[in-house]
Structure formats: structure tokens, C-alpha cells
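Observations on chain architecture
Residues per chain, in single letters:
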Amino acid sequence: MATKRQRRKRRRRQTDPQPGRQRPPAVALDDQQRARAARRRAGADHRPSAPWGSFPLSELVIFIGVVLLIAGFFVSPPQGFVMIAVGLALGSLAGLELSIREHFAGFRSHTLVLAAAVGVPIFGVLFVVTKVPTPICIAAGLVAFAGSAWLFTNAFRRRSGGALFRLRG
């Protein structure tokens, strides 16, 4: 029976294409790779800027949504319900916009929020508009949620350099 040393394959020595030049040690190469990865991640240390520049559009939309929400409680029922619904919708859209921007910039993962933004409307439309039974509506919403969560997770991994999530630091 062959000994462990005899079973081990001999590795071929890699020949250097330029024999006069010395190769850097493996530790130096590893440090260079870590430095490159750190520089790639350094761009994700600040919040991504909005496409419209420094104009506070998201903040204004949230403010209008809060004003409509509060005012809707003091207005008579038909118009009050509409004001409350519009206020909630405006606030939600402004938050969703920020989540999309941060997620696809690789700043912070908002996978569950974005997946819910896909799955919940699908469930709602199927439940309210069609005559599909409730369990099927729930199943369709869950399938849409799970599929979009998988896609959003993969997108964040590509944008963040391989991270599955980022915690506040």
C-alpha cells in the first residue's frame, strides 16, 4: 500500500514568463485584492443621491402625505377617506422610492420591502377585482413575493460586491 507521501501529487512549478522579474509574495497579492475590494465597497458608504439632485422631493411628498393624512381625519367622510388614502399612498411611494434607490446602489438591502411592494398589490388586485378564491389569491401573492425577493437579493449581491445584507454601522 502506498504511503501518504507517495499518493500526494507533485505540483508543477509555474515558470515565470519574465525570469529576471520577481513575483510579489502571496501575502502581498492578498493585501492588494483586499484593498481593491475595500475601494469598491467604499463607494457604498454614503447614501446614493437622488436623480433630481439636492431638491428635497421625497421629503416634500412625505410632508404633503402627512398633511393630507391628518386633515383627512377632520374632513367629512367621503372626502376624508380619500384624503387619508392619498396621504398613505404618497408617504408609501416616497418611502418606496428611497428603498429602491438605496437597494440598487448597494447601500442597504431592502429586499423584503421591495418584494412586498410586488406581492401585496398582486394579492390585492386578485382579491378585489377577480372572483378567484381567497387561498389562490394568497398563494399568488406569496409566489410573487418569493420570486421577487429572490431577484432583489441577487440584484443586491451584484451591486454590493457579494454581500447578502448590510447592517447600520
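Anything mentioned here points back to the structure above.
Described in the following lines is the structure provided in the data block.

Turning our eyes to something else, we now look at the pattern of salt bridges. Applying the stated criterion to the full structure yields two salt bridges. For Glu102, the salt bridge identified is with Arg47, shortest N-O distance 2.0 Å. A residue pair is termed long-range when its members are at least 10 positions apart, and Glu102 in helix H4 (residues 77-104) and Arg47 in the loop between helix H2 (26-42) and helix H3 (57-72) qualify at 55 residues. The exposure class assigned to Arg47 is partly exposed, which follows from its relative accessible area of 49%. With its nearest N and O atoms 2.8 Å apart, the salt bridge here joins Glu97 to Arg101. Of the two residues, Glu97 and Arg101 are both situated in helix H4; the distance of four residues between them amounts to about one turn of the helix.

A few words on the packing of aromatic side chains. The full count for this structure, using the stated rule, is two aromatic pairs. The interplanar angle of 65 degrees and the centroid separation of 6.0 Å between the aromatic rings of Phe104 and Phe152 together place this pair among those described as edge-to-face. Here Phe104, found in helix H4, pairs with Phe152, found in helix H6 (residues 134-160); they are 48 residues apart in sequence, far enough to count as distant. Judged by its relative accessible area of 32%, Phe104 is partly exposed.

Calculation rules
- Residues numbered from 1 in each chain as written.
- Predicted model: local features only at pLDDT ≥ 70, side-chain atom pairs only at ≥ 80, totals over all residues.
- Heavy atoms only, no water.
- Salt bridge = Lys/Arg side-chain N within 4 Å of Asp/Glu carboxyl O.
- Helix = DSSP H or I, 4+ residues; strand = E, 2+ residues; numbered from the N terminus.
- Buried < 20%, exposed > 50% of the residue type's maximum accessible area, 1.4 Å probe, protein only.
- Phe/Tyr/Trp six-rings, centres within 6.5 Å; stacked < 30°, edge-to-face > 60°.

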